[in-house]
Each structure stands twice: as C-alpha cells, then as structure tokens.
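Here is how the chains run, residue by residue.
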Amino acid sequence: MPARIYKPAKSATQSGLARTKQWLLVFEQDKPREIEPLMGWTSSGDTRQQLRLWFDTKEEAMSYAEREGIAYRVEEPHEVKRRTISYSDNFKFNRVGPWTH
C-alpha cells in the first residue's frame, strides 16, 4: 500500500500556523470502501487508513518509510502567495469600485 508524505496546508478557518510545520505520512486506500447493508454506513477492512504519522522533517518521514519497506511519494508544499492590502485602501477617493455594504 503506497503512502503519501506531505506538509499539510492550514485550513480556511485556521488563523495560525499550528500543525503546518511538520510533515505527515498517511496511507492511501487499497480498495474502495463498502456500504454496510443493514445500517448503510461505509466501512473498510483496512485499518492503515486511520494511521497518521507526524514527523519534524521530510527526511525523517522518508527514512521511516524506507526502513519499514513502505512505498511512498513526496508532495512538496506550495509557495504561499500573500496579497498586501492596506485597510485604508478601502476608503480611497480614487477607488475603482464603489464601497458599499
């Protein structure tokens, strides 16, 4: 079963950078989930999908995967694009669009 090593991005509701500086190793699905006929819940016999391993560096995660014989792929993090906008720009007289609520 292949594993994926990546650095998770912060969620839309997250303002800080907690849990975005570490690398995460997760296992991918081997087979699709099944629908349990009585209750209709989804289930899987694969318990490795529930496993999430956190590492301080990418090299630690890669060496762990190699040591345990796990096939893996590394996804590099994307660069964060910052838009620098001043709050006072909302109230300029030469603003392109009208300012309304």
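Scroll up for the structure.
Residues numbered from 1 in each chain as written. Predicted model: local features only at pLDDT ≥ 70, side-chain atom pairs only at ≥ 80, totals over all residues. Heavy atoms only, no water.

Notes on the packing of aromatic side chains
Here's step 1: One pass over the full model with this rule turns up 1 aromatic pair.
Here's step 2: Directly above the aromatic system of Tyr6 lies the positively charged group of Arg4, at a separation of 4.0 Å from the ring centroid.
Here's step 3: Just above the ring of Phe27 sits the side chain of Arg48; from NZ or CZ to the centre is 4.1 Å. (Phe/Tyr/Trp six-rings, centres within 6.5 Å; stacked < 30°, edge-to-face > 60°. Lys NZ or Arg CZ within 6 Å of the ring centre and 35° of its normal.)

Some remarks on the nonpolar core
Here's step 1: Listed in full, the 9 residues of the largest apolar core are Ala3, Ile5, Trp23, Leu25, Phe27, Phe55, Ala61, Ala65 and Ile70.
Here's step 2: If you list the elements that add at least two residues to this core, you get β1 (3–6), β2 (23–27) and α1 (58–68).
Here's step 3: The biggest single contributor to this core is β2, with 3 residues.
Here's step 4: Among residues more than four places away in sequence, those in contact with Ile70 are Met1, Ala3, Phe27, Arg48, Tyr64 and Ala65. (Core = buried A, V, L, I, M, F, W, Y, C linked by side-chain atoms within 4.5 Å. Buried < 20%, exposed > 50% of the residue type's maximum accessible area, 1.4 Å probe, protein only. Helix = DSSP H or I, 4+ residues; strand = E, 2+ residues; numbered from the N terminus. Contact = heavy atoms within 4.5 Å.)

With respect to the pattern of salt bridges
Here's step 1: Inspection of the entire model under this criterion finds 4 salt bridges.
Here's step 2: A salt bridge links Lys58 to Glu76, with the shortest nitrogen-to-oxygen separation between them at 2.8 Å. Here Lys58, found in helix α1, pairs with Glu76, found in the segment after β6 (72–75); they are 18 residues apart in sequence, far enough to count as distant.
Here's step 3: Here Glu76 falls in the partly exposed class, since its relative accessible area comes to 47%.
Here's step 4: Two residues, Arg73 and Glu75, come together in a salt bridge whose shortest N-O distance is 2.5 Å.
Here's step 5: Beyond isolated ion pairs, a larger network of salt bridges with shared partners links Arg4, Glu28, Arg73 and Glu75. (Salt bridge = Lys/Arg side-chain N within 4 Å of Asp/Glu carboxyl O.)

As for the environment of Leu25
Here's step 1: With respect to the helices and strands, the residue Leu25 is situated in strand β2.
Here's step 2: Remark: the alpha-carbon pair of Leu25 and Tyr72, spanning 47 residues in sequence, is separated by 8.8 Å.
Here's step 3: In contact with Leu25, other than residues within four places in its own chain, are Ala3, Arg4, Ile5, Leu51, Arg52, Leu53, Phe55, Ala61, Tyr64 and Ala65.

Description of the side chain of Gln49
Here's step 1: Within the secondary structure, Gln49 is located in the loop between β4 (42–43) and β5 (52–55).
Here's step 2: Within the structure, the side chain of Gln49 is placed 3.3 Å from the side chain of Arg33, a separation counted as a polar contact.
Here's step 3: The contacts of Gln49, once residues within four sequence positions are left out, are Phe27, Gln29, Asp30, Lys31, Arg33 and Ser44. (Polar contact = N/O pair within 3.5 Å; in protein donor to acceptor, adjacent residues only side chain to side chain.)

Thoughts on the pairing of β2
Here's step 1: Along β2, 5 of the 5 residues are buried, which leaves the element largely enclosed by surrounding structure.
Here's step 2: Of the two faces of β2, the one carrying Trp23, Leu25 and Phe27 and the one carrying Leu24 and Val26 are both buried.
Here's step 3: For β1 and β2, the ladder comprises 4 bridges, and the chain directions are antiparallel. Bridging across to β2, Tyr6 finds its partner in Leu24.
Here's step 4: One ladder, built from 4 bridges, connects β2 with β5; its direction is antiparallel. (Pairing = 2+ DSSP bridges.)

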